[in-house]
Amino acid sequence: MQDNVVIVGTGQAALSCAVRLRDSGYEGAVTMLGDEPWLPYQRPPLSKVYLKGETTADRLELRPQEFFAKGGIVVERGSVVTSVNRSNRSVTTFDRRSYSYSKLVLSTDSRARTLPDAMTHGLDGILTMRSIADADRLRRALAKAKRVVVVGGGYVGLEVASIAVRMGHAVTIVEMTDRVLKRVAGAPTAQAIEELHVRHGAPVLTNAQLKGLSGHHGTVSGVSLGSGTLLPADLVLVAIGGMANVELAAETGLTVENGIVVHRFGQTSAPHIYVAGDCAAFPFGGRLIRLESVQNAIEQGSVVANAILGRPVEYEPVPWFWSDQYDATLQTAGLALDYDDILAVSMEPGRSAFWYFRDGLAVAVDTMNDAKTHMAARRLFGARVELRRELLLKPDSTSCSTFVQPPCRLDQ
Ligand SMILES: Cc1cc2nc3c(=O)[nH]c(=O)nc-3n(C[C@H](O)[C@H](O)[C@H](O)COP(=O)(O)OP(=O)(O)OC[C@H]3O[C@@H](n4cnc5c(N)ncnc54)[C@H](O)[C@@H]3O)c2cc1C
């Protein structure tokens, strides 16, 4: 069989892999199969500038059509891959087209988690946010709605909430755990973010158990909570996280555990099949983790390309992420896993950093409106510099003097 790579998915990871292959001189065919009608596009603006109407869908595309034509990268849009046949190394799409591969890359992303039908009763006005189509639906709904309930205090929900508030809507955020950003950030960061929303007039209801949604003439009209509270709503955004699209992988017998399990070089339990992006569960710090971020998609795409090219490079990421809410930019460098201490550093009103430590060494930092610290931390984590807690506190420290500010402990 001639050397050729088929990539399922046309997103950020898929593009990164294809570009890396071509940039490294790969001469076989490269075909990307994606179920959406767009060229590869970036999702972060969907819940930011795109929802605000400050940019258009075609501007979200990561590369123009000519780029793919020139680079010999075939992008098949509207192509849902429905099965993988490992014995004859081919994939089949919903319309029965078949593509053979010598190497297969799955970058099938994650999808928005939804509420059970028993709770939503098929009512209109209950939306999720993942794609351009979702953002368009949400934009249209926001133009008509007055009372918005956001279910889920994660990044996507909080970003949409901030935009809805700015549009003049009455917004309530409903979070089932004791604070927002529970999965991704520590308590001090969550507290700062909750305060930000409350300051802008959006109540954050934590420990709130969703009982059900009610409607009027087929459209949602309220959200009832276990506490007995009924929140009136003409629009409900369900932003309760993502689930990796693992079905294709599972059906073809690949190991699946929260995501599609890969080794350090992006390869699955099957030879010739690789995985990159949101759907990959990869080894990190002695466990398998899955990240939903642009950084992860881009770097894993590249790691997979290297493995395909026979020049494997281990994936050892320094994760980073950002979120825009109101006038605040929250950025994270590193991964706040297994930390035993948090140090909150406040520079001036509205500008702060929250450092996470394990055994006295910094493992991550969340910054608010402090891009300088974020970028410095990314550099230092990337260079595997040991950032000791004492160093961050010592005013005359040379290596990290930019970080040093009067500390205040919020976690004690
Ligand atoms: C609203 C929103 C805001 C975000 N904001 C940020 C942010 O601020 N910062 C950040 O770092 N990250 C952010 N993210 C996350 C980031 O966009 C994702 O982590 C990244 O896009 C993942 O890349 P990917 O290639 O794995 O998947 P995607 O880029 O999503 O692409 C995968 C593509 O594969 C398609 N596909 C899936 N299954 C099949 C199939 N069987 N056949 C064909 N095609 C298929 C999908 O429909 C999709 O088009 C955000 C995500 C969303 C939804």
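Values in this document were obtained by computation on a predicted structure and should not be read as measured data.

### Observations concerning the pattern of salt bridges
Under the counting rule described, the total for this entry stands at 20 salt bridges. Among the salt bridges present, the one from Glu36 reaches Arg43, with a minimum N-O distance of 2.8 Å. Using a relative accessible area of 17% as the deciding quantity, one classes Glu36 as buried. For the salt bridge of Arg388 with Glu386, the shortest nitrogen-to-oxygen distance reads 3.9 Å. Residue classification places Arg388 among the partly exposed residues on the basis of a relative accessible area of 35%. The network of salt bridges with shared partners includes Glu36, Arg43, Asp109, Arg130 and Asp278.

### What about the environment of Ala18?
Structurally, Ala18 can be placed in helix H1 (residues 12-23). The exposure class assigned to Ala18 is buried, which follows from its relative accessible area of 0%. Between the C-alpha atom of Ala18 and that of Arg86, which follows or precedes it by 68 residues, the distance is 21 Å. Beyond its immediate chain neighbours, meaning those up to four positions away, Ala18 contacts Ile7, Val30, Met32 and Ile73.

### As for the packing of aromatic side chains
In this structure the tally under the stated criterion is seven aromatic pairs. Here the aromatic rings of Phe67 and Phe68 are separated by 5.3 Å at their centres, their planes lie at 90 degrees, and the arrangement is edge-to-face. A relative accessible area of 26% means that Phe67 is categorised as partly exposed. Plain terms: the ring middles of Tyr339 and Tyr356 are 4.8 Å apart, the flat faces sit at 70 degrees to each other, and that makes the pair edge-to-face.

### What about the site of the ligand?
Inspection of the region around the ligand gives 32 residues, with Asp35, Glu36, Arg43, Lys48 and Asp278 positioned closest. One of the side-chain N or O atoms of Glu36 is found 2.6 Å from an oxygen atom in the ligand. One of the side-chain nitrogen or oxygen atoms of Asp109 is found 2.8 Å away from an oxygen atom of the ligand. In the complex, the protein chains occlude 94% of the 1,000 Å² of accessible area that the ligand would expose alone. Of all elements in the fold, only H1, helix H9 (294-308) and strand E23 (320-325) reach the threshold of two or more residues within the shell around the ligand. Residue classes in the shell around the ligand are distributed as 13 nonpolar, eleven polar and eight charged. Looking at the shell around the ligand, you find at least three residues from each of domain 1 (4-111 + 242-308) and domain 2 (114-238).

### Description of the domain arrangement of the protein chain
For the protein chain, the assigned domains are domain 1 (4-111 + 242-308), domain 2 (114-238) and domain 3 (327-408). Placing the centre of domain 2 and that of domain 3 at their C-alpha centroids yields a distance of 31 Å. If you look at the interface, domain 2 gives 13 residues, while domain 3 gives eleven residues. Roughly 810 Å² is buried in total at the junction of domain 2 and domain 3, and carbon and sulfur atoms are behind 63% of that figure. When the buried surface of domain 2 facing domain 3 is broken down by residue, Arg166, Pro188 and Thr189 rank first, second and third, together holding 42% of it. Remark: the boundary between domain 2 and domain 3 carries one salt bridge.

### Here we look at H9
With 15 residues, H9 ought to run about 21 Å at 1.5 Å a step, and its terminal C-alpha atoms sit 21 Å apart, in line with that. Of all 15 residues making up H9, 13 are buried, and the element is well covered by its neighbours. One or two positions beyond H9, positive phi appears at Gly310, with a value near 80 degrees.

What counts, and at which threshold
- Residues numbered from 1 in each chain as written.
- Predicted model: local features only at pLDDT ≥ 70, side-chain atom pairs only at ≥ 80, totals over all residues.
- Heavy atoms only, no water.
- Salt bridge = Lys/Arg side-chain N within 4 Å of Asp/Glu carboxyl O.
- Buried < 20%, exposed > 50% of the residue type's maximum accessible area, 1.4 Å probe, protein only.
- Helix = DSSP H or I, 4+ residues; strand = E, 2+ residues; numbered from the N terminus.
- Contact = heavy atoms within 4.5 Å.
- Phe/Tyr/Trp six-rings, centres within 6.5 Å; stacked < 30°, edge-to-face > 60°.
- Near = heavy atom within 4 Å.
- Polar contact = N/O pair within 3.5 Å; in protein donor to acceptor, adjacent residues only side chain to side chain.
- Areas by Shrake-Rupley, 256 points an atom, 1.4 Å probe, with all protein chains shown as cover.
- Nonpolar A, V, L, I, M, F, W, Y, C, P; charged D, E, K, R; others polar.
- Domains from an automatic or database assignment.
- Buried area = accessible area lost by both parts, 1.4 Å probe.
- Expected span 1.5 Å × (residues − 1).

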